[in-house]
Amino acid sequence: MRLVVVSAGLSSPSSTRLLADRLTAATVGLVDAEVEVVELRDLATEIAQHFVTGFPPARLAAALDAVAAADGLIAVTPVFAASYSGLFKSFFDVIDKDALTGKPVLVAATGGTARHSLVTEHALRPLFTYLRALVLPTAVYAASEDWGEEGLQRRIARAGAELARFMAPAASDAGPDVDTAAAIAPRSLTGAITSVDPADGFEIVPFEQRLAALRSE
């Protein structure tokens, strides 16, 4: 099983990478997975070249392939101008449109103030929902004052447990268990989907049916 971690921190050391490492530890403590970390600051030039030429250089191509082949993904960005960073968005702009379909993704962000805590819901969750990923219910935001607080560690542990639970069935391709499906469906845009039919009105598509449809597309 493979877990890929995408970190968009720009400094070294980086609070974004620190959060990514803690989320990784919380996940691999519960599921046996090989971990690969993609540091986007090391790929900034290659990402720009890809936009200009239309072809990814070797290191970027390897990173994109790793994300596509992963059984689970952790994606962490610093907050810039109340949203994800441009480098973070650029990486996911050049990824194949089908690479994240049905893949469990844990989203997280770091920032200087708690006022940006909803960036995970207003920016990150819609981005990965558009990419047809399974965005986990618990997203983790860490402001400067959160480090060292028990509340942050509890959120990290909960998010890591959710990702481990969704990754575990991937080896058998059995899909998430019923309890997990029931837990995530009401809280995620990729869970139970409501559609409108002119004749029948509202229709609720069960989570398991939606997941099967994503995997078959």
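All of the points below concern the structure found in this document. Predicted, not measured: the structure shown is a model, and the values here were computed from it.

1. Overview of the pattern of salt bridges
Within this structure, the stated rule accounts for ten salt bridges. The shortest N-O distance in the salt bridge between E39 and R17 comes to 2.6 Å. Of the two residues, E39 sits in strand β2 (residues 34-39) while R17 sits in helix α1 (residues 15-28), which places them 22 residues apart along the sequence. Residue classification places E39 among the buried positions, given a relative accessible area of 16%. Classification of R17 by relative accessible area gives partly exposed; the value is 27%. A salt bridge links R132 to D98, with the nearest nitrogen and oxygen atoms 2.3 Å apart. One end of the pair, R132, is in the loop between α5 (119-130) and β6 (134-135); the other, D98, is in the loop between α4 (86-93) and β5 (104-111), with 34 residues separating them in the sequence. Residue classification places D98 among the partly exposed residues on the basis of a relative accessible area of 36%. Look at the salt bridges and you will find they share partners, linking R17, D21 and E39 into a network.

2. Notes on the packing of aromatic side chains
One pass over the full model with this rule turns up five aromatic pairs. For the ring pair F91 and F92, a centre distance of 5.1 Å and an interplane angle of 85° mean the geometry is edge-to-face. Neither residue differs from the other here; F91 and F92 are each classed as buried. Judged by centre distance (4.9 Å) and plane angle (80°), the rings of F92 and F128 are edge-to-face. With F92 in helix α4 and F128 in helix α5, this residue pair connects regions lying 36 residues apart in the sequence. On the basis of relative accessibility, which here comes to 3%, the residue F92 falls in the buried class. Members of the aromatic cluster, joined through ring pairs, are Y84, F88, F91, F92 and F128.

3. Some points on the nonpolar core
In a soluble, globular protein the nonpolar side chains are often hidden away together inside. Core analysis: the largest hydrophobic core is formed by 39 residues, its most contacted members being F88, F91, F92 and F128. Elements with a contribution of two residues or more to this core: β1 (2-7), α3 (58-69), β3 (72-80), α4, β5, α5 and β7 (140-143). Filtering out sequence-adjacent residues up to four positions away, F91 remains in contact with V6, L40, I47, L60, A63, L64 and V67. In terms of nonpolar packing, the next biggest core, distinct from the first, is built from 21 residues, V5, L106, A108 and L152 among them.

Cut-offs used in this document
Residues numbered from 1 in each chain as written. Predicted model: local features only at pLDDT ≥ 70, side-chain atom pairs only at ≥ 80, totals over all residues. Heavy atoms only, no water. Salt bridge = Lys/Arg side-chain N within 4 Å of Asp/Glu carboxyl O. Helix = DSSP H or I, 4+ residues; strand = E, 2+ residues; numbered from the N terminus. Buried < 20%, exposed > 50% of the residue type's maximum accessible area, 1.4 Å probe, protein only. Phe/Tyr/Trp six-rings, centres within 6.5 Å; stacked < 30°, edge-to-face > 60°. Core = buried A, V, L, I, M, F, W, Y, C linked by side-chain atoms within 4.5 Å. Contact = heavy atoms within 4.5 Å.

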